[in-house]
Structures are given as structure tokens and as C-alpha cells.
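If you want the building blocks of each chain, they are given just below.
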Amino acid sequence: MQLHLSSWPEIDGYLKKSKAILLPIGSTEQHGPNGLLGTDALCPEIIARRAGDEAGFLVGPTFNVGQAQHHMAFAGTITLRPSTMIAAMCDWAASLARHGFTRLYWLNGHGGNINTINAAFSEIYHGITFAEPGSNLPPLRCQLRNWWELPGVMDICKQLFPVGEGSHATPSEVSVTYFGYPEAIKHVEMTPKIAPLGPIFDAEDYRRRFPDGRIGSDPSQASAAAGETIVKAAVKAVIAEFERFAQS
Ligand code: NI
């Protein structure tokens, strides 16, 4: 069940049985020569929508632009300042809380978002505490889960891609998007086959160190079939975790 494909009476009805919603959150940033700019938003979205349909829980719109400053030397990348992202997440949370949601499960697709998401959670909790002393309203709780850290998922990625998984524009994440959007598959020769590893500083330095955008990876190994295997495992894991959180 997706929020933006539902009517308000349907959401009203959902709230009578559950106060929990899953929000995919990611980034719009370069993902190497054959990866989609939307990869980090699409991966949690693809997993979340299938999980929500299978288990009957609500999936919100994808928060699809995040912390991508270090990718800004590549065309198409869009980034938010941390303060903007925190403010927007607070407003999303306040809107959902206003309707009665008390459990917000954020399924994240971008490592660079983690610090800012946790800062946003702190800002959200401050807002609640400062708003109404002694309130006996049910407390709003947020949970962050990075999709690649869902139980069992990392092991499957390692089995599928024992060499050249790397840390950015990985064959695993590219495979997930190829499974979701087979019409967007791109065949590109990688030179070198496996990209260099190294630290991340600012945007210009990133492009000097990693000229085609990849870090340590060979995403030419990506396939829709591998993506299907990863998504199946992630859907199963996220359903179990979301349901525990919803009842907590
Ligand atoms: Ni990514």
C-alpha cells in the first residue's frame, strides 16, 4: 500500500489498524558510468514497495534527495545542505504525526545520509519534548535501517559479487535498480575493471581520485537476476523488522 496512490479515507482507515509507516530515503547522485542517478533512492523504494504490498503496510513517498555534496562534480547530482534535509525530515515527521502516525521507519539507501538522518531524529524528538510538557500523547519513534544492512542481505551480496563489490556504485545496488527498471539497463565497459579505493573529501577532490565516479567497484557485473535475489532477501527481512517496530 502506497500513500501517494491512496485516498485520504484509505489512510484514515489504515490509521485505525496501524500507526506505522515506512519511508524510503535516499539520494540523487552519480553512480558511475552504468549506474542510475536515482540508485540510492530507488533501492529502498523498490524493496519497500514490494514489502508493503506483500505485508499490507503503508509506504510513504520517497525522500529522494539527500547528502550528495561530494558527488557534485558529476552532472545530474542534486544535494541538500544538512540543515535543509533536517528541516524537511522534521516537517515530514510533524505532518505524519499530526495525522496520528507514531512509528516512522526510514529505509535508507545512502551511507552519506546516516549522520544527517540521526541528527534529524534528534531534532524531531526535541520538537516533541519542547512542544508540550507533560503530554500523554503516544511518543513518536523513528527507526533508521540501511537496506544493505538488513539481516542476510550483505551475505548474499558477497556471494553474488565476491570481487569488485567496492563501496560506491556497487554491482549489488546497480543490480537492484536493474531488477526494478530493466528498461534502464546500460552496458558500459569499465576502465579500469575495478575502480580505485580511497578517502572521500570534497566534490572536486572526489572527481580527481575517482574519475568515473566508482569507488572500488566493478558494476559491469550487475544484472537484473542478481537484483531479484537481493530484493527477495531484503523484502523478507524488512517485513519482519517493520512489523516488530510497528508493534513496539
Ligand atoms: Ni549508492
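Residues numbered from 1 in each chain as written. Predicted model: local features only at pLDDT ≥ 70, side-chain atom pairs only at ≥ 80, totals over all residues. Heavy atoms only, no water.

Undergrad: Can you lay out the pattern of salt bridges for me, pointing to particular residues and giving the numbers?
TA: Per the stated rule, a full pass over the model turns up seven salt bridges. With a closest N to O distance of 2.7 Å, arginine 145 and glutamate 241 form a salt bridge. Of this pair, arginine 145 sits in strand β4 (residues 141-146) while glutamate 241 sits in helix α8 (residues 224-246), and the two are 96 residues apart along the sequence. Judged by relative accessible area, which is 7%, glutamate 241 ranks as buried. With a closest N to O distance of 3.9 Å, glutamate 228 and lysine 232 form a salt bridge. Placement of both glutamate 228 and lysine 232 in helix α8 is noted, with a separation of four residues, approximately one turn of the helix. On the basis of relative accessible area, glutamate 228 is assigned to the partly exposed category, the value being 34%. (Salt bridge = Lys/Arg side-chain N within 4 Å of Asp/Glu carboxyl O. Helix = DSSP H or I, 4+ residues; strand = E, 2+ residues; numbered from the N terminus. Buried < 20%, exposed > 50% of the residue type's maximum accessible area, 1.4 Å probe, protein only.)

Undergrad: How would you explain the environment of leucine 150 if you had to name every residue and give the values?
TA: Within the element layout of this structure, leucine 150 appears in the loop between β4 and α5 (153-160). In this structure, the C-alpha to C-alpha distance between leucine 150 and phenylalanine 245, residues 95 residues apart in sequence, is 14 Å. Excluding anything up to four places from it in sequence, leucine 150 contacts Tyr105, Leu107, Arg145, Ala234, Ala237, Val238 and Glu241. (Contact = heavy atoms within 4.5 Å.)

Undergrad: Before we move on, can you summarise the coordination of the nickel ion with the specific residues and values?
TA: Coordination sphere of the nickel ion, protein contribution only: His31 (NE2), Asp40 (OD) and Glu173 (OE), at 1.9 to 2.1 Å. Between consecutive donors of the nickel ion, the numbers of intervening residues give the motif H-x8-D-x132-E. A relative accessible area of 1% places histidine 31 in the buried class. (Donors = N, O, S within 2.8 Å, 3.2 Å for Na, K, Ca; no water.)

Undergrad: Requested: an account of the packing of α5 against α8, with residues and values cited.
TA: Contact pair α5 / α8: the axes reach a minimum separation of 9 Å and the direction vectors enclose 165°. It follows that α5 is roughly antiparallel to α8 by the angle criterion. When you trace α5 past α8, the crossing you get is right-handed. Judged by residue contacts, Val153, Ile156, Cys157 and Leu160 of α5 engage Ala226, Thr229, Ile230, Ala233 and Ala234 from α8. In terms of residue class, the contact of α5 with α8 is made up of eight nonpolar, one polar and no charged. (Axes fitted to C-alpha atoms, helices over the stretch in contact; angles between N-to-C directions. Parallel < 35°, antiparallel > 145°, perpendicular 65-115°, else oblique. Left-handed = near helix turned anticlockwise from the far one by under 90°. Nonpolar A, V, L, I, M, F, W, Y, C, P; charged D, E, K, R; others polar.)

Undergrad: Give a detailed account of the pairing of strand β1 (residues 20-25), specifying residues and quantitative values.
TA: With six of six residues buried, β1 lies mostly within the body of the structure. Alternating positions in β1 separate into two faces, Ala20, Leu22 and Pro24 on one and Ile21, Leu23 and Ile25 on the other, with burial throughout. Pairing analysis gives six bridges linking β1 to strand β3 (residues 103-108), with the strands arranged parallel. The residue bridging alanine 20 from the neighbouring strand is arginine 103, located in β3. Of the strand pairs in this sheet, β1 and strand β2 (residues 58-59) are connected by two bridges, and their pairing is parallel. (Pairing = 2+ DSSP bridges.)

Undergrad: Any details on the packing of aromatic side chains? Residues and values, ideally.
TA: For the coordinates displayed, the defined rule picks out nine aromatic pairs. Their ring planes at 90° and their centres at 5.9 Å tell us that phenylalanine 74 and tyrosine 206 sit as a pair that is edge-to-face. Of this pair, phenylalanine 74 sits in the loop between β2 and α3 (82-99) while tyrosine 206 sits in helix α7 (residues 203-209), placing them 132 residues apart in sequence. Here phenylalanine 74 and tyrosine 206 have matching classes, each one buried. Within the aromatic cluster, the residues linked to one another by ring pairs are Phe57, Tyr105, Phe242 and Phe245. (Phe/Tyr/Trp six-rings, centres within 6.5 Å; stacked < 30°, edge-to-face > 60°.)

Undergrad: Please set out unusual backbone geometry residue by residue, giving values where relevant.
TA: Backbone torsion omega between threonine 191 and proline 192 reads -10°, so that peptide bond is classified as cis. Among the structural elements, proline 192 can be located in the loop between α6 (171-180) and α7. We note that alanine 169 has phi near 55°; this positive angle belongs to a residue other than glycine. Within the secondary structure layout, alanine 169 lies in the loop between α5 and α6. A relative accessible area of 0% places alanine 169 in the buried class.

Undergrad: Can you lay out the environment of glycine 56 for me, pointing to particular residues and giving the numbers?
TA: Within the fold, glycine 56 resides in the loop between α2 (39-55) and β2. Each C-alpha atom of the pair glycine 56 and isoleucine 239 lies 9.6 Å from the other, and the pair is 183 residues apart in sequence. For glycine 56, the contacting residues outside a window of four places in its chain are Tyr14, Lys17 and Ala51.

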